[in-house]
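Remarks on the overall topology
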Amino acid sequence: MGFETKTIRIAMNGITGRMGYRQHLLRSILPIRDAGGFTLEDGTKVQVEPILVGRNEAKIRELAELHKVSEWTTDLDAVIADPTVDIIFDASMTSLRAATLKKAMRAGKHIFTEKPTAETLEEAIELAQIGKEAGVTAGVVHDKLYLPGLVKLRRLVDEGFFGRILSIRGEFGYWVFEGDVQAAQRPSWNYRKEDGGGMTTDMFCHWNYVLEGIIGKVKSVNAKTATHIPARWDEAGKEYKATADDASYGIFELETPGGDDVIGQINSSWAVRVYRDELVEFQIDGTHGSAVAGLNKCVAQQRAHTPKPVWNPDLPVTESFRSQWQEVPANAELDNGFKLQWEEFLRDVVAGREHRFGLLSAARGVQLAELGLQSSAERRTIDIPEITL
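Described below are features of the structure shown in this document. (Residues numbered from 1 in each chain as written. Predicted model: local features only at pLDDT ≥ 70, side-chain atom pairs only at ≥ 80, totals over all residues. Heavy atoms only, no water.)

Description of the packing of helix α7 (residues 199-214) against helix α9 (residues 359-378)
Interhelical geometry of α7 versus α9 gives an angle of 125° and a closest axis separation of 8 Å. As the angle between them shows, α7 and α9 are arranged oblique. Here the hand of the crossing between α7 and α9 comes out right-handed. Across from T200, T201, F204, C205, N208, Y209 and E212 in α7, the residues of α9 making contact are S361, R364, G365, V366, L368, A369, G372 and L373. (Axes fitted to C-alpha atoms, helices over the stretch in contact; angles between N-to-C directions. Helix = DSSP H or I, 4+ residues; strand = E, 2+ residues; numbered from the N terminus. Parallel < 35°, antiparallel > 145°, perpendicular 65-115°, else oblique. Left-handed = near helix turned anticlockwise from the far one by under 90°. Contact = heavy atoms within 4.5 Å.)

Shown next, in the form of structure tokens:
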């Protein structure tokens, strides 16, 4: 007797954008499709069938032809209403996302979405409530937790490598060109607050799940935002005023599952030039060891191998501090982080169970961003209340 084959039809909205196209279509769904799907533990074969959705008909048609995708449309409402569609994926503009997700879940569709899920905490909580009432499987992209560097970092935490964790520090960002001489490598709406742009709104929802996923609960935030570059040029070469923050500097109080207090600090900026190994790096320091992780690499230094530097400004430094750290091996083949989460989510859809990174986690990310902006405006530390549905 042959094993059952399930085909999951996924409508992918906003697929012409950088993340939607490169990470979700090109590096996740198409490889799953082209490999013939994947097999569940019970032998069931799961295949995927993408449907491309977007507002630009010419771009959508071109992508569909290029990647041999048979179905595409500019009618999002029609695809949500289509009873043969199983999942609605959304990677469109933040300002449009909540309305799409509400409509999809009320139509009984499973959803997988980029973040932030909404522009306000109230709306993000409403989404989580709708998802719970609809009984659908809802997943929110938590890609950084699937990256090799952070997988290794989390493994060190689980193994007790750090002893008592004292602090975590993060550096994220790169120089985004203004667009006058060289084209900007991020869309112009990212720098307009009225269109849902802003570094805090964009990245604090990431930092919330990274901190939760590696250290523990985020208890408070103290942030300072800035618009370092006040004018930029859009995709048509027209100058516009940057109304959103392009940098955000945050300090967070955290609590581990064991009850230890940890200090977090993350600098995020699109107006910084990179002098580090990767575009994002996190360093954890603990009583028994420290580690630094980027997207792929992770290095560590344990207590017994920690040197004893002496401060002497009168002599040049002769130590090579970087060479004193040891690389942490992967000890496994680690696939693309977006693809790994897609596969986990699809398994949950087939099984009819909740995805571990759902709309409530996303709401906490929106909450952290909202309170970060409030903290900056009011120049104070703000405690983070529990969210309950």
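There is more to say, and it comes next.
Let's talk about the packing of helix α4 (residues 94-106) against helix α5 (residues 121-134)
Following both chains from N to C, one finds α4 and α5 inclined at 15°, their axes separated by 9 Å at the closest point. On the basis of the axis angle, α4 is roughly parallel to α5. Considering the relative orientation of α4 and α5, their crossing is left-handed. Of the residues in α5, those touching α4 at A98, L101, K102, M105 and R106 are E123, E126, L127, I130, G131 and A134. Of the residues belonging to the contact of α4 with α5, the class tally is six nonpolar, one polar and four charged. (Nonpolar A, V, L, I, M, F, W, Y, C, P; charged D, E, K, R; others polar.)

Brief notes about α9
Helix length check: α9 (20 residues) gives 28 Å between terminal C-alpha atoms against 28 Å at 1.5 Å per residue, within 8%. Just downstream of α9 lies R379, where phi reads positive at about 55°. (Expected span 1.5 Å × (residues − 1).)

Thoughts on the pairing of strand β3 (residues 45-53)
Look at any regular strand and the pattern is simple: side chains alternate between the two faces of the sheet. Two elements, strand β1 (residues 5-13) and β3, share nine bridges in a ladder whose sense is parallel. Counted as the bridge partner of T5 is K45 from β3. Inspection of the sheet shows strand β2 (residues 38-39) paired to β3 by two bridges, in the antiparallel sense. Among the inter-strand pairings, T39 is bridged to a residue of β3, identified as K45. Hairpin remark: β2 followed by β3, antiparallel, with five residues in the connecting loop; positive phi at G43, about 95°. In the sheet, β3 pairs with strand β4 (residues 71-73) via three bridges, with the strands oriented parallel. Bridge assignment links L52 to a residue of β4, and that residue is W72. (Pairing = 2+ DSSP bridges.)

A look at the sheet that holds strand β13 (residues 261-269)
Judged by pairing direction, the sheet is mixed, and its nine strands sit side by side in the order β17-β16-β15-β14-β8-β13-β12-β9-β18 without closing on themselves. Pairing within the sheet leaves two strands with one partner each, and these edge strands are β17 (326-327) and β18 (382-383). The pairing of strand β9 (residues 217-226) with strand β12 (residues 247-255) spans nine bridges and is antiparallel. Its bridge partner lying in β12, A226 is registered against A247. Packed onto the sheet, α7 meets β8 (165-173), β9, β12, β13 and β14 (280-286) and runs at close to 25° relative to β12.

Looking at the pattern of salt bridges
All told, the structure shown has 30 salt bridges when counted by the stated rule. A salt bridge links D195 to R192; the nearest nitrogen and oxygen atoms lie 2.7 Å apart. Residue D195 is classed as partly exposed on the basis of its relative accessible area of 22%. Members of the salt-bridge network, linked through shared partners, are R9, E49, E71 and D82. (Salt bridge = Lys/Arg side-chain N within 4 Å of Asp/Glu carboxyl O. Buried < 20%, exposed > 50% of the residue type's maximum accessible area, 1.4 Å probe, protein only.)

A closer look at the packing of aromatic side chains
Summed over all chains, the structure comprises 12 aromatic pairs. With centroids separated by 6.2 Å and ring planes inclined at 80°, the aromatic side chains of F172 and Y174 adopt a geometry described as edge-to-face. Pair check on accessibility: F172 and Y174 agree, each one buried. Through pairs of rings, three or more aromatic residues link up here, namely F89, F112, W342 and F345. Directly above the aromatic system of Y191 lies the positively charged group of R232, at a separation of 4.1 Å from the ring centroid. Geometry around W175 places R273 over its ring, the cationic atom sitting 3.9 Å from the centre. (Phe/Tyr/Trp six-rings, centres within 6.5 Å; stacked < 30°, edge-to-face > 60°. Lys NZ or Arg CZ within 6 Å of the ring centre and 35° of its normal.)

Remarks on the pairing of β8
Both β8 and β14 contribute to a ladder of seven bridges, which runs antiparallel. When the bridges of β14 are listed, E171 appears paired with E281. With seven bridges joining them, β8 and β13 adopt parallel strand pairing. Note that in β13 the partner of G170 across the bridge is I266.

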